[in-house]
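Topology and contacts: notes
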Amino acid sequence: MARVFVITGPSGVGKGTLIRGLLARIPELELSVSATTREPRPGEVDGVDYHFLSEDEFDRKVKAGAFVEHAAYSGRRYGTLRSELERRTAAGIPVVLEIEVQGARQVRQSLPSAVQVFIVPPSEQALRERLVGRGTDAPEEIERRLEVAERELAAQGEFPHKVMNDRQEEAVGQLERLVRAELDGEAG
Ligand code: 5GP
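Fair warning: this is a prediction, and the values are worked out from it, not measured in the lab.

Parameters at a glance
- Residues numbered from 1 in each chain as written.
- Predicted model: local features only at pLDDT ≥ 70, side-chain atom pairs only at ≥ 80, totals over all residues.
- Heavy atoms only, no water.
- Axes fitted to C-alpha atoms, helices over the stretch in contact; angles between N-to-C directions.
- Helix = DSSP H or I, 4+ residues; strand = E, 2+ residues; numbered from the N terminus.
- Left-handed = near helix turned anticlockwise from the far one by under 90°.
- Contact = heavy atoms within 4.5 Å.
- Nonpolar A, V, L, I, M, F, W, Y, C, P; charged D, E, K, R; others polar.
- Buried < 20%, exposed > 50% of the residue type's maximum accessible area, 1.4 Å probe, protein only.
- Arc of directions from axis to C-beta.
- Near = heavy atom within 4 Å.
- Polar contact = N/O pair within 3.5 Å; in protein donor to acceptor, adjacent residues only side chain to side chain.
- Areas by Shrake-Rupley, 256 points an atom, 1.4 Å probe, with all protein chains shown as cover.

1. Some words on the packing of helix α5 (residues 124-134) against helix α6 (residues 139-154)
α6 packs onto α5 with a crossing angle of 145 degrees between their chain directions and a minimal axis gap of 11 Å. The crossing of α5 and α6 is right-handed. Between α5 and α6, the residues in contact are Glu 124, Leu 127, Arg 128, Leu 131, Val 132 and Arg 134 and Ile 142, Glu 143, Arg 145, Leu 146, Ala 149, Glu 150 and Leu 153, respectively. Per-class residue counts for the contact of α5 with α6 are seven nonpolar, no polar and six charged.

Okay, here's the thing in structure tokens:
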């Protein structure tokens, strides 16, 4: 089966940016588009950034077993659709999941062969600065995310691979080496 890579870590650590860099360097990799009940941010496109669902739609999919994993985060729900993952793995395409820690734990149980990487911020201050600087979340939301981040950071020891996102190019390089080693290992 094709490889599944889980990229996790606190909100604001730069998972999305690192993954964009990774996808540019390893074009065969594809990102699974998650489902969420949060509102789209300006510029986000349904079906591209997320599948934006109502609470009812999300619930129906949970009941139908449509999720590989799902979790509540900051009052909203997020989940990986089985369809997103399986149509790629069935076609031999390696997939990246960008998910928070509770979801990563579920994938660890249900898909132990997935490679899990925790992205570590250089400091908690750096997280705050990134969350404030990207300008996508209201101040109360930023505080909620930083509270969750403390718990998420405490869980980093559970993850076999850690990459610190201090200098972005270096972090992307580390991710690329890790992913290539896994993909090459499979081919050989
Ligand atoms: P955001 O609202 O900033 O887009 O995402 C909030 C958090 O949810 C981030 O840590 C993000 O990685 C995570 N997330 C995004 N998609 C999923 C998903 O499908 N499952 C889980 N468990 N978390 C997700």
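2. Section: α5
Of all the positions in α5, only Ala 126, Leu 127 and Leu 131 are classed as buried. Taken end-on, α5 shows its buried residues confined to a sector of 135 degrees, consistent with a single buried face. When the buried face of α5 is taken as reference, the exposed residues oriented beyond 90 degrees from it are Glu 129, Val 132 and Gly 133. Among the structural elements, α6 are those in contact with the buried residues of α5. One or two residues past the end of α5 sits Gly 135, with phi positive at roughly 65 degrees.

3. As for the site of the ligand
As a structural note, the neighbourhood of the ligand is formed by 17 residues, with Arg 38, Tyr 50, Tyr 78, Glu 98 and Glu 100 the closest of them. The backbone of Thr 80 places a nitrogen or oxygen atom 3.3 Å from an oxygen atom of the ligand. In isolation the ligand offers 500 Å² of accessible surface; the protein chains occlude 96% of this area. Mapped by element, the contributors of at least two residues to the shell around the ligand are β5 (67-73) and β6 (76-81). For the shell around the ligand, the residue count by class is five nonpolar, four polar and eight charged.

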